[in-house]
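Letter by letter, the chains look like this.
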Amino acid sequence: MLELLDWLDRPSVLHGLHLVGSLTLFVIGLYGLLGKRHLLKILMSLALMELAVNLLFIALATTSGETAPILSDGLTAFTGMADPVPQALILTAIVIGMAVLALGVSLAIRYHRLSASADIRALADAQD
Amino acid sequence: MEFSASPIWFIALPMLAAFSSPLWVRWRVLDQLLLGIPLGLLLLALGLFATVQQAPLIETIVIAPPLGIHLHLDSAALLLVALFCFAVTLVAAFLWHGATETHLRGRQPFVLILLLLAGGNGLVLTGDLFNLYVFLEIAGISAYVLTAVRDDRPALAAGLKYLIIGSVAGVFFLLAVVLIYLQTGQLNMAAVAQAFAEIPPAMQGLIAVLALIGLGIKSELFPFNFWVPDVYRGSDPAITALFSGLLVKAFLFVLVHLAVLIWIDPEIARIWLMTLGALTLMVAELAALRQDEMRRMLAYSSLGQIGLILLAFGFLHESTAAGAFFHLISHTLAKLLLFLVAALLLRRVLSLHLDALTGAGRVYPLTVGLFVVGALCILGLPPLSGFMSKLWILQGFAAAQTFWPIALILVAALIEAGYYFRWIRVLYAPAAASAVTDSKTSKTAPESWATYAPLLLLVGLMLLLGIAPFVIEGALVDAARALLDRDLLIQSVLGVAAQ
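Only a predicted model underlies this, so the values are computations on that prediction, with no experimental measurement involved.

Attention now moves to the overall build of chain B. Of regular secondary structure, chain B possesses 22 helices and 2 strands. Of all 499 residues assigned to chain B, the portion counted as buried reaches 60%. Long-range contacts, defined as pairs at least 24 residues apart, comprise 79% of the intrachain contacts of chain B with a sequence gap of at least 6.

Below, the discussion takes up the overall build of chain A. Helix and strand counts for chain A come out as 5 helices and 0 strands. Listing every helix and strand of chain A by position from the N terminus yields α-α-α-α-α. Relative to the compact-globule value of 14 Å for 128 residues, chain A shows a C-alpha radius of gyration of 20 Å, a clear excess of over 25%. If you line up chain A on its principal axes, its C-alpha atoms span 60 × 35 × 20 Å. Burial status across chain A gives 26% buried among its 128 residues.

Quick look at the UniProt feature "transmembrane region" (unreviewed entry) in chain A now. Residue and element names in this part refer to chain A. According to UniProt, the positions carrying the feature "transmembrane region" (unreviewed entry) are residues 12–34, 46–65 and 85–109. Taken as a whole, residues 12–34 contains 100% helix and 0% strand, while its terminal C-alpha atoms sit 33 Å from one another. Structurally, residues 85–109 is divided into 100% helix and 0% strand, and its ends, taken at the C-alpha atoms, are 36 Å apart.

Taken together, the 30 residues of chain A in the interface contact 29 residues of chain B. In terms of residues, the side of chain A that touches chain B owes the most to one element, helix 4 (residues 84–115) of chain A, which gives 15 residues. Residue classes in the side of chain A that touches chain B are distributed as 23 nonpolar, 4 polar and 3 charged.

Attention now moves to the packing of helix 11 (residues 237–262) of chain B against helix 14 (residues 318–348) of chain B. Residues and elements named next belong to chain B. Where helix 11 meets helix 14, the closest approach of the two axes is 7 Å, and the angle between their N-to-C directions is 165°. Relative to helix 14, the element helix 11 lies roughly antiparallel. The interaxial crossing formed by helix 11 with helix 14 has right-handed handedness. When helix 11 is examined against helix 14, the residues Pro237, Ala238, Thr240, Ala241, Ser244, Gly245 and Lys249 are found in contact with a partner set consisting of Leu328, Thr332, Lys335, Leu336, Phe339, Leu340, Ala342, Ala343 and Leu346. Grouping the amino acids of the contact of helix 11 with helix 14 by side-chain chemistry returns 10 nonpolar, 4 polar and 2 charged.

Residues and elements named next belong to chain A. By the secondary structure assignment, isoleucine 94 is in helix 4. In this structure isoleucine 94 comes out as partly exposed when scored by C-beta crowding, with 13 C-beta atoms within 10 Å. Isoleucine 94 sits 44 residues away from glutamate 50 along the chain, and the two C-alpha atoms are 8.1 Å apart.

This part is about unusual backbone geometry. Trans peptide bonds make up most of the peptide bonds, and negative phi angles are found at most residues other than glycine. Across the junction of phenylalanine 222 of chain B and proline 223 of chain B, the peptide omega takes the value 5°, indicating a cis bond. In this structure, proline 383 of chain B follows proline 382 of chain B across a cis peptide bond, with omega equal to 5°. Mapped onto the fold, proline 383 of chain B is located in the loop between helix 16 (365–379) and helix 17 (385–399). Positive phi outside glycine occurs at alanine 116 of chain A, with the angle close to 55°. Along the chain, alanine 116 of chain A falls in the loop between helix 4 and helix 5 (120–125). Residue class for alanine 116 of chain A comes out exposed when judged on the 8 C-beta atoms lying within 10 Å of it.

Right, let's talk about the nonpolar core for a bit. Residues and elements named next belong to chain B. By size, the foremost hydrophobic cluster in this structure holds 233 residues, and its most contacted members are Val81, Leu116, Leu242, Phe325 and Leu340. With 22 residues, helix 7 (residues 153–184) is the single largest residue contributor to this core. Sequence-distant contacts of leucine 242, defined by excluding residues within four places in its chain, comprise Ala87, Val88, Val91, Ile113, Leu116 and Leu247.

Turning our attention to the environment of threonine 184 of chain B. Residue and element names in this part refer to chain B. Tracing the backbone through its elements, the reader meets threonine 184 in helix 7. Note on threonine 184: 18 C-beta atoms within 10 Å, which makes it partly exposed. In the structure, threonine 184 is positioned 12 residues away from phenylalanine 196 in sequence and 7.1 Å away in space, judged by C-alpha atoms. Not counting residues up to four positions away in its chain, the partners in contact with threonine 184 are Val192, Ala195, Phe196 and Ile199.

For the rest of this paragraph, the subject is the environment of arginine 233 of chain B. Summarising the element assignment, arginine 233 of chain B is placed in helix 10 (residues 228–234). C-alpha separation for the pair arginine 233 of chain B and alanine 155 of chain B, spaced 78 residues apart in sequence, amounts to 8.6 Å.

Take the packing of helix 4 of chain A against helix 7 of chain B next. A pair of packed helices is captured by two measures, namely the crossing angle of their axes and the spacing between those axes. Where helix 4 of chain A contacts helix 7 of chain B, the axes come no closer than 9 Å and their chain directions differ by 165°. What the angle tells us is that helix 4 of chain A and helix 7 of chain B run roughly antiparallel. The way helix 4 of chain A lies across helix 7 of chain B gives a crossing that is left-handed. Residues Pro86, Ala93, Val100, Leu103, Gly104, Leu107, Ala108, Arg110, Tyr111, Leu114 and Ser115 of chain A of helix 4 of chain A touch helix 7 of chain B, and the partners they reach there are Arg153, Leu156, Ala157, Gly159, Leu160, Leu163, Ser167, Leu174 and Tyr181 of chain B. Tallied by class, residues from the contact of helix 4 of chain A with helix 7 of chain B come to 14 nonpolar, 4 polar and 2 charged.

On to the confidence of the model for chain B, then. Looking at chain B as a whole, its pLDDT mean stands at 87, while 93% of the residues score no less than 70. Confidence metrics for the complex model read pTM 0.92 and ipTM 0.91.

In this model, helix 14 of chain B (31 residues) spans 45 Å end to end at C-alpha, consistent with the 45 Å of a helix rising 1.5 Å per residue. Helix 14 of chain B sits mainly inside the fold: 26 of its 31 residues count as buried.

Before going further, it helps to spend a moment on the confidence of the model for chain A. Looking at chain A as a whole, the pLDDT averages 85, with 91% of positions reaching at least 70. Per-element mean pLDDT across chain A ranges from 72 in helix 5 of chain A up to 92 in helix 3 (residues 39–61) of chain A.

How each quantity is defined
- Residues numbered from 1 in each chain as written.
- Chains lettered and ligands numbered in written order.
- Predicted model: local features only at pLDDT ≥ 70, side-chain atom pairs only at ≥ 80, totals over all residues.
- Helix = DSSP H or I, 4+ residues; strand = E, 2+ residues; numbered from the N terminus.
- Buried ≥ 20, exposed ≤ 12 C-beta atoms within 10 Å, placed from the backbone.
- Contact = placed C-beta atoms within 7 Å.
- Rg over C-alpha atoms; globule rule 2.2 N^0.38 Å.
- UniProt positions renumbered as here; feature names shortened; annotations may be inferred.
- Nonpolar A, V, L, I, M, F, W, Y, C, P; charged D, E, K, R; others polar.
- Axes fitted to C-alpha atoms, helices over the stretch in contact; angles between N-to-C directions.
- Parallel < 35°, antiparallel > 145°, perpendicular 65-115°, else oblique.
- Left-handed = near helix turned anticlockwise from the far one by under 90°.
- Core = buried A, V, L, I, M, F, W, Y, C linked by C-beta atoms within 7 Å.
- pLDDT = per-residue confidence, 0-100.
- Expected span 1.5 Å × (residues − 1).

Dropping the structure here:
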């Protein structure tokens, strides 16, 4: 059992698991985006895809044993810390993703109030 | 560093002004600022041309020593920044005196238009991939809201559609950036350009495809541009003028810039870009033939011109790239004019459908006359700037002994002539008690001269550039050189020569 845990903790195995997991999430999001009709489900799929990319980046840029890249509590040097760049980038990407999602949901609600429909196909047909 | 010499102003000033908008509302200076800020930046950009010609301006804003934001202002970026500031100035002037629609007045459009300008400027100025993603989203979000700002059903539908497709593009681009960082450990574009060759070829291909999907959606290339006419149809023509004049051009520049920088083998980049450009050109022009709604027709025509510009850029040769920059400017002028004319017409007639506009030329001679001038400029008739820009592109291809793009561009021009003359014919057809004359009485009084001033300025510029292209020839050639010279860029940023 312990050997299995050790094996799982090796960076290559861990990264492989993270890679497979986040790519699965990405594909689920892509499926929802293409296959679903409800606007909120489509926005959720979008959020899922973004999440998958964020997860992929964070997981592959860190290896187990590294600490958060924050200088405090006696830590004064960047040793044994994770690379801070991916974390800063993903924090920004999360904020942007949330803003887009909030905007999308509020537009969807407005649209639903005006048209009593939340179907993406109605969106495509409502022309001229 | 001198106060005026920093490229950061092109991004920071519109943002600062946008975020302090409550103050401007209280002081009642919104309209003045919306015109004044882009105008000031335009003057700054014009003043910088001589400086940038000597050496590109590079600004690094350091947050904490290893982390910083890097801006790169070379001749190509400066040309586009000046063009963007000009486009926003013009639309702001049009809105100030001309806009009667309440949703185009006040704080919302003020904030959004300035953020769109900041995003567009940031896209062409940034030298850092993640910053590029942030600016892509800033420009994107302001564009989504601007599309939906009218807050009725078609506008919301268009805004939602734009938001969904735009976010998908953002995710794909982010994934490409993430993979680049994981492979090279770099985000600075010049450093990435140096390190990219060492990535395994399969990964190179994956990154290129992901970035191409993301930027292809954003810059409206075939086959990722099915959504464009719906968005252009649903939003206001004055806003669409900015999308066609500013936003697409920014993304197109980013695409070409990244392709030049990152793809080591120019042959492969050339095949991809030229194929995409040629396909976009032909498909869009053929689709435009069948459009019966003015905004849709203009949207497809805009797509066609984007394809033409990419075709010329994609050849990755100085002579065609200079022509492509010229055509980019010329197309922005013409499409601004055409979309603003559509905005004027929409104010007086109920629909921009072909049938509803029969005989409009007899009722509104000046407005429709301006439409004809814009259409002729797109077609490339002398003495308008569209003629000179297309001629430059054709000359560039001819000088390089490559003839299939020439044939393609000429065929596309014929198709363009087909649909634009169809519209012109209908606009001047005798109106048999049509909807135009009926709706004239129901809608408002004639426009003042101030409404037409920006449009007449556009016509003046088209004539000037058509008759005297040498006015900007130096700037165009410099821009083409700066865009295509990969080594120079890497050297100026990193201080070392490329391998």
